[in-house]
Amino acid sequence: MPATYSADEVAILEGGLERLPHFPSRLVRIFLSSTFTDTRIERDIILKELYPELRQFCEGLKLEFQLVDMRWGVKDTASIDHSTEKLCLREIDNCIHDSVGPNFVGLLCDKYGFDPLRTEIPKFQFMNLQSTAKNCSINFEPVERLYKLDENNLEHGHGMYIPRVITSLIPDFVSKDPAKKAAANREWWALSDEIKRVIMDTLAKKGPDDQTIHDFTKSVTESEVECALLKRTSNKDRCVFFFRQLDNIENFVQVHSKNGVRFADIENGVLNKRKFAMMGQLKAKVRAVIPAENLFEERLDCCESGIDRRRPEHQQYLNRFKTNFTDKIKKMVQHHFELQSRFKSLERNFLLYEITLHAHFCKQRLKTYLQRKDVTKTIFDRVKDQKNCKPVVVHGNSGIGKSSILSSVIDSASKELGHQSIVVYRFLGTTALSAQISHVLKTVMMQIRDVVGHIMLSDQALDDFAWLSENFSKLLDEVSQKTKRSLLIVLDAVDQLAPNDSAHKFIWLPKTLPKKVHIVVSVASSDSHNALDTLKHVLGEAENRKNFLHVGGMSPKDGEKILDSALEARQRTLQREQRQYLLNAFKKSGSPLFLKLAIEECLTWHSFTKITEINLPEDVTAMIKAFIEKLQMKYGSVFVRQCLSYLVAAKFGLSESELEDVLSLDNEVLNEMYQYWEPPDPSIIRLPPLAWCRLKNDLGDQLVERQVHGTTVVAFFHKQFPEVVEQLFLNTAAKSLAIHRGLAEFFDGRHGTETASGRVKKPEKSIFLTILNQEKALDRKVRGQPMLMSNGKYNMRKLNELPYHYIFSGNLDALVEQVFGNYEWLFGKIRAMSVQDVIDDLTEVLLANICGQLTQEVRQIRACLRLCKPVLNICKHEDSKDCLLSNTFAHEFLGRMTVLEGASGVKGGPIERLLKRCRQICQESAVSTLMPANTCYPSPSQALRCSLFGHRSPPSCLVYLREGTYLLSGAGDSTVRVWDMDTDELALNFDEHQGAIRGLAVIESAGVAASVGQEGKVYLWNIQSGEILAMLHQQVGKHQSCVAAATQLKSSPFHYLLIAADQLKVWDLEAYVSAAEEKKPQKQIEEAALKMTIKELLKAGEQVTKMKVSIKDKYLAVGYSSGALEIYSIIKLKICAEDKSLKVAITDLAFSHDESKLFYCSQSGIKCLAIGSGLTSLLWNNSTRSLTLSPDGRYLAAGGGSGSGSVFVWVTNDFKTSSAQPMISADHTMFVGQCDVAIVRFCRNNDFLVSVSHSQHMGREGGGEIRKSLIVATPIYGDDSRSVIVDGLDGLCGGMAVSQHTVAAVSDASSSIKVFQVDRQWHATHNKCNIFIYRNPSFLEDIRSDGTVFVKCGQDLNMWQEGSNASRTILKHENTLTCLRAGPNQLVVSGDHQGVISISSCKKLGGNFTSQQFAPDRDNYDVHLVAVDRAESRVAALHNGGDVVVYERTG
């Protein structure tokens, strides 16, 4: 264990839940307390002037600043249910708990303020008052009319008298009729004054009891001061008070009674001396506790208006107030921030911080959870079973209690697995880091490393998901070997992972666990990612059914225990009928979430609440709907609807300040809030903070706080809540668009007060206020959203949320201007996050189908980023000052996209905007950089989709899986790599071999791969986990060909592996597994698994050139170098047909779909063997190198050999004799001259035939052999069957794999894998853009702007024009050509290895060329390079030795 951890921190790392620290807050949350009318001028200064300054200061410290002014915007001091004071006190508790530094500011002047009626009077106290009143003949009826005994409240043991809801006494209190509402308000104030008088008279008769009198007459302001300071003296250093006293206040009140009521408490037109004295006493109490430096006192003379800015002494006071307020708050924030950073390791250690977040969440789940011991016991039974080496999966419906069950497992682990056990747990989705599988694996592996010790993990490798996924299992193996302690890993809610890195394919999850290592995961029974189904497939539910534990409903008995526990914790009870009603409703559901909601509901029931007034729905969905409807009735239908909709629509939730800002921009919400009174400030309008606080309080723990990119956001914990919200409020396109439009309006910052430079702008937004019947432009006091914050950090919230909401609000113009047409945005998101995140955004745009005529441009930008991704990733890791990354991004974009400028025909489109900005970046760069003037890299108009880097030597084997979802590649560096083609990134690296990979095969239905290494080992392994299932030995000669195939018989569960190297062997994998389970020695296991050695190839003196398994796994066809062909029955392993008539090597094989025929080819042509009869027939008598059948069996295609370069396609049913004519023919020689077509494959949708030709020729003297491959796509659909060049490869193509729309190819001259997009959309784009895309420098030398292509082939100079079917030779040199260059109009210049320069000219397009040659006056004078000027008046040639000869036109 590293010495930097304390003992408490070690306990947390090991999974302990005791002595958890409060993790460092990033929030400055200050409660502003004062009476309302007398401090209006100070409060306005705070809100308008000081709040923006303090918020910017806190942002510089990476802190969020919130000012909680509970009275701002709320005119009525009483609420219908009398809960205002409780909510204020609860919010003070939140500020004290959450805030860094200051948490309370009190403004105390001369006015004591409103003293509300008591909201709770203990039963014994109320009865004493009642008895005293009766004995003293005091009419106690007004008090009895309002207060009623609630025997469900046990806070003081025997019940509590509480005030009734006002509307139960005065229904018009909430009337929409202004006159009725005003009359009701007067009636309520009269009643409340009468009640206060009766209580005070009664207390006076009881005798002197100053404390009781004070409790009944205490103001809201004093209650707030008591809560923050007087009852919490330990909080004194984090409170600030400002006292202001007006001299001659009594005289001022009498002379200026109209203004006097604002500044003092008045009763019957004179100063209320009782309240004035109580304010003096309150100030004295504060002075006795608060540090002197935290108290600021002022005395002022009164004027007619109380305080007047026009009076110099009053303005000077306000200036001092502003200075003292900002300086003190800044100093306190800075001081506590430095203390927090200095003494709390959580601030320094993001790993400890993350673990602590999950530990707190776990403890929160345990508080409200009654252990379901039967479920917990079953989980540990599976975990402790020594024969079980698989992860345990807990699954059930959402809300069934899986998180609470796993919390109990975590809490019980030390008891069940030993006190020294290590528990690593994550509640996925509850923090930002736990939403991404890459971060989850990283933090889990780091935690294991720090606990176990002596484990080396590279920090750089930890940022590579492919490395994490590959090495997670290896780390667990290492832990098992290095420690005797048990390790339990608990991952809750794997369905909540973001889809990045193909998280829900579970490649990262170990499928077999070493001793003393256990994994438990939970997953919802149904979700949009089908996570449970994938887990069943990956882990093999059929073989490991016990490891899949379904959690059903809770028993009534357990539900009753949870109810009792919850009531006891809240000091409440239920009446017998109420209790039975609730339990009967729960019995029908059995859902813990239903019970939880029902308990929250029953806590509001009073003992006098009748059953007829209660309505509990029968299922969770209906329960949530009823809960939301109740909230709407209580707080306003518009406010609740919009608030919940914004929370659900946000991509990663919203912080409380963000939510309040968004709602403050919503005119519909504000009109509902201000339907009865005007905003208190005529220039500002915002959502009253009390509104959200009350709603948040009622939502309770249905909300969960998560850390997202350094911001604490709130979101719904159970996904059933957002599902119901969507059903209720987002059930139409128009409603969804409006909500996303509102979020986009906030995150684009148009109404924010701050810009990136910190300058304040005027952010007014118009609103038609119904109460004023006029439209006004008012400041919403919403924070700005600059992309680059004042502290130099990127605004991660904006980068994540804004494009998402632009997309789902359908705002294409803003997307172009602000996102994918904005260089600063793309660069910023790449810099702050990754290239893949930008690609994901663009994919989301395309899936939303909102781009219209810009769709093609968006696709091309996404394709460009895929091509740039490897280079930009390297620059990002190496670049600390952004210069290299910025220049590289601009350079790459220009080099790939210039050719597409204006191609879409859209003026000012995103590509045009980006190209313009990229040119500016290059021109303004502080570092010298090359700026591409034209396309110099593969562009998105070409077929190349991406290049996959990772192998250290050329790959030789390629296999696609699952319709192109994965690509497997084997190479000479001894590794097989599994690529995730959704992200173009490495998913798994299998590196068990010690020699070059010679063969690769898959059993796709079982998710198993077989790889053959040069060292003579054959490994069978799980494609998703890399887990080795079997290891076999097979002799592999150094120069011997090696072919592998695998099959699962449809008629039985047996899996066969077929390997042809020095021997042709058939292995029975089921027999291997059986023998291994019996723990036999390896040699005996292999002997049991060897089904048959078909042939000893070395002894027979031949090699297997091709091997193919039929479609239905019935037959195996083997072609030999001798020309022999054998067909075996796989079930019987006997020859059922053969052909030994050929004397040349078999080059390719293809079974018909009905398995009745085998097509095979050689230099002699194409033959067909009828398997049943054994009869053979010659179908094509020309040399054939390759052949294939289309996936549906309709077409047969063949590639020509012996230099013919031909490609033919026949309709299979028509291809019965050698006279059958092909339906399509193509010719590679028109592009590259003499060549063999080595590979032909159909795209799986039959749209294209993809063919690969090999050509070899000698370079200039001493240059050696030049080997090239050309990939060509020939359309099968429609009338246009022109072949189109996909790309060229240096070296010979070593393998090709084809999926639905992509082609992957490798060559023996490169270690990278090229992936091409070959589909109808690409073909249409190619033709539309009129771009000839083949740029292979050894063949293709130049392309004119008119599309004319010039190619050098040996001694020939050939020309090819777009639309023509063949190239033509325009000039023959006597020696091999070394270079050529085309002028812009007429000239073509070529040079050869003997130094001869030829200048050819053609005056019109398509005409004949005339040529003139210039021979050198010396030998061995090779031409290395030629050039032509734009006017075609001069030609330059660079010769061997460095001489440059210039030829000038004279006529």
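Residues numbered from 1 in each chain as written. Predicted model: local features only at pLDDT ≥ 70, side-chain atom pairs only at ≥ 80, totals over all residues. Heavy atoms only, no water.

Engineer: Explain the overall build of the protein chain to me, using residue names and the numbers behind them.
Structural biologist: The secondary structure content of the protein chain amounts to 42 helices and 62 strands. Overall, the C-alpha framework of the protein chain stretches about 130 × 85 × 60 Å when taken along its three principal axes. Taken over 1451 residues, the protein chain has a buried fraction of 59%. In the protein chain, once contacts between residues fewer than 6 apart in sequence are set aside, the share between residues at least 24 apart is 63%. As displayed, the protein chain offers around 60600 Å² of accessible surface, 48% of which is attributable to carbon and sulfur atoms. Looking at the protein chain, you have 176 positive and 174 negative side-chain charges, and the mean spots of the two groups are 2 Å apart. (Helix = DSSP H or I, 4+ residues; strand = E, 2+ residues; numbered from the N terminus. Buried < 20%, exposed > 50% of the residue type's maximum accessible area, 1.4 Å probe, protein only. Contact = heavy atoms within 4.5 Å. Areas by Shrake-Rupley, 256 points an atom, 1.4 Å probe, with all protein chains shown as cover. Lys, Arg positive; Asp, Glu negative; His and termini not counted. Charge placed at Lys NZ, Arg CZ, Asp CG, Glu CD.)

Engineer: Account for helix α36 (residues 883-897), with residues named and values stated.
Structural biologist: With 15 residues, α36 should cover 21 Å at 1.5 Å per step; its first-to-last C-alpha distance of 21 Å lies within 8% of that length. A large share of α36 lies buried, amounting to 13 of its 15 residues. (Expected span 1.5 Å × (residues − 1).)

Engineer: Describe the side chain of Lys 1167, and please don't skip the residues or the numbers.
Structural biologist: Checked against the element boundaries, Lys 1167 lands in strand β39 (residues 1165-1170). A distance of 2.9 Å separates polar atoms of two side chains, one belonging to Lys 1167 and the other to Ser 1141. (Polar contact = N/O pair within 3.5 Å; in protein donor to acceptor, adjacent residues only side chain to side chain.)

Engineer: An account of the environment of Thr 1274 is requested, with residue identities and associated values reported.
Structural biologist: Relative to the helices and strands, Thr 1274 resides in strand β47 (residues 1265-1275). Given a relative accessible area of 2%, Thr 1274 falls into the buried group. Each C-alpha atom, one on Thr 1274 and one on Val 1284, is 6.3 Å from the other, the two residues being 10 residues apart in sequence.

Engineer: Summarise unusual backbone geometry; cite the residues concerned and give the values.
Structural biologist: Of note, Ala 493 is a non-glycine position whose phi angle comes to about 65°, a positive value. Structurally, the position occupied by Ala 493 is in the loop between β13 (487-492) and β14 (517-524). For Ser 1202, which is not glycine, the phi dihedral falls at a positive 55°. With respect to the helices and strands, Ser 1202 occurs in the loop between β42 (1195-1200) and β43 (1206-1211). The class of Ser 1202 is exposed, set by a relative accessible area of 57%.

Engineer: Could you give an account of the pattern of salt bridges, with specific residues and numbers?
Structural biologist: Tallying each qualifying case throughout the model produces 60 salt bridges. Here Asp 93 and Arg 232 are joined by a salt bridge, their closest N and O atoms 2.7 Å apart. Taken as a pair, Asp 93 in helix α3 (residues 84-98) and Arg 232 in the loop between α9 (220-230) and β7 (239-247) lie far apart in primary sequence, 139 residues in all. Asp 150 serves as the salt-bridge partner of Arg 572, at 3.2 Å between the closest nitrogen and oxygen. With a gap of 422 residues between them, Arg 572 in the loop between α21 (556-569) and α22 (576-589) and Asp 150 in strand β5 (residues 147-150) connect regions that are remote in the sequence. Asp 150 carries the same exposure label as Arg 572, and that label is buried. It is possible to trace a salt-bridge network through shared partners that takes in Arg 29, Glu 91, Glu 656 and Lys 696. (Salt bridge = Lys/Arg side-chain N within 4 Å of Asp/Glu carboxyl O.)

Engineer: Any details on the nonpolar core? Residues and values, ideally.
Structural biologist: Counting residues in hydrophobic clusters, the biggest one holds 116 residues, and the most contacted among them are Phe 639 and Trp 692. Residue contributions to this core peak at 9 residues, all from helix α25 (residues 637-649). With sequence-adjacent residues up to four places away left out, Trp 692 is seen in contact with Phe 639, Cys 643, Leu 647, Glu 656, Leu 659, Glu 660, Leu 687, Leu 699, Leu 703 and Val 714. By size, the runner-up hydrophobic cluster in this structure holds 78 residues, among which are Phe 427, Met 446, Leu 462 and Phe 472. (Core = buried A, V, L, I, M, F, W, Y, C linked by side-chain atoms within 4.5 Å.)

Engineer: Quick rundown of the environment of Leu 930? Include the residues and the values.
Structural biologist: Tracing the backbone shows Leu 930 in the loop between α37 (910-924) and β20 (944-948). As for Leu 930 and Asn 887, which are separated by 43 residues in sequence, their C-alpha atoms are 9.2 Å apart.

Engineer: Tell me about the sheet that holds β5, and name the residues and values.
Structural biologist: Strand order in the open sheet formed by 3 strands is β4-β6-β5, and the pairing between neighbours is antiparallel. This sheet does not close on itself; its edge strands, each paired only once, are β4 (121-122) and β5. As defined by bridge partners, β5 adjoins strand β6 (residues 160-163) across 4 bridges and the pair is classed as antiparallel. Residue pairing across strands places Tyr 147 opposite Pro 163, the latter belonging to β6. (Pairing = 2+ DSSP bridges.)

Engineer: Talk me through the sheet that holds strand β3 (residues 104-108); I want residue IDs and the actual numbers.
Structural biologist: Ordered by their spatial adjacency, 5 strands build an open sheet running β2-β1-β3-β7-β10, and the pairing between neighbours is parallel. Looking at the sheet topology across the chains shown, the edges are occupied by β2 (64-68) and β10 (295-301). In this sheet, adjacent strand axes meet at a mean angle of 15° when their direction is disregarded. Against the sheet, helix α2 (residues 40-60) contacts β1 (27-34), β2, β3 and β7, and its axis sits at roughly 165° relative to β2. (Axes fitted to C-alpha atoms, helices over the stretch in contact; angles between N-to-C directions.)

Engineer: Talk me through the side chain of Asp 984; I want residue IDs and the actual numbers.
Structural biologist: With respect to the helices and strands, Asp 984 occurs in the loop between β23 (976-980) and β24 (985-990). A polar side-chain atom of Asp 984 sits 2.5 Å from a polar atom in the side chain of Arg 945. With residues near it in sequence (within four places) discarded, Asp 984 still touches Arg 866, Arg 945, Cys 946 and Leu 948.

Engineer: Please provide a residue-by-residue account of a nonpolar patch on the surface, values included.
Structural biologist: Nonpolar side chains collect at one region of the surface, where Leu 1425, Leu 1438, Val 1444 and Val 1446 lie side by side and expose about 340 Å² of accessible area between them. Inspection of the secondary structure assignment puts Val 1444 in strand β62 (residues 1444-1448). You can call Val 1444 exposed: its relative accessible area is 55%. (Patch = residues over 30% accessible without salt bridge, like charges linked within 9 Å, V, L, I, M, F, W, Y side chains within 5 Å.)

Engineer: Hey, could you go over the packing of helix α4 (residues 123-135) against helix α7 (residues 178-206) for me, with residue numbers and the actual values?
Structural biologist: It is the contact of α4 with α7, at a shortest axis distance of 9 Å, that shows an interaxial angle of 80°. Looking at the two axes, α4 sits roughly perpendicular to α7. Here α4 contributes Asn 128, Leu 129, Thr 132 and Ala 133 to the contact with α7, which in turn contributes Thr 202, Leu 203, Lys 205 and Lys 206. The residue makeup of the contact of α4 with α7, split by class, is 3 nonpolar, 3 polar and 2 charged. (Parallel < 35°, antiparallel > 145°, perpendicular 65-115°, else oblique. Nonpolar A, V, L, I, M, F, W, Y, C, P; charged D, E, K, R; others polar.)

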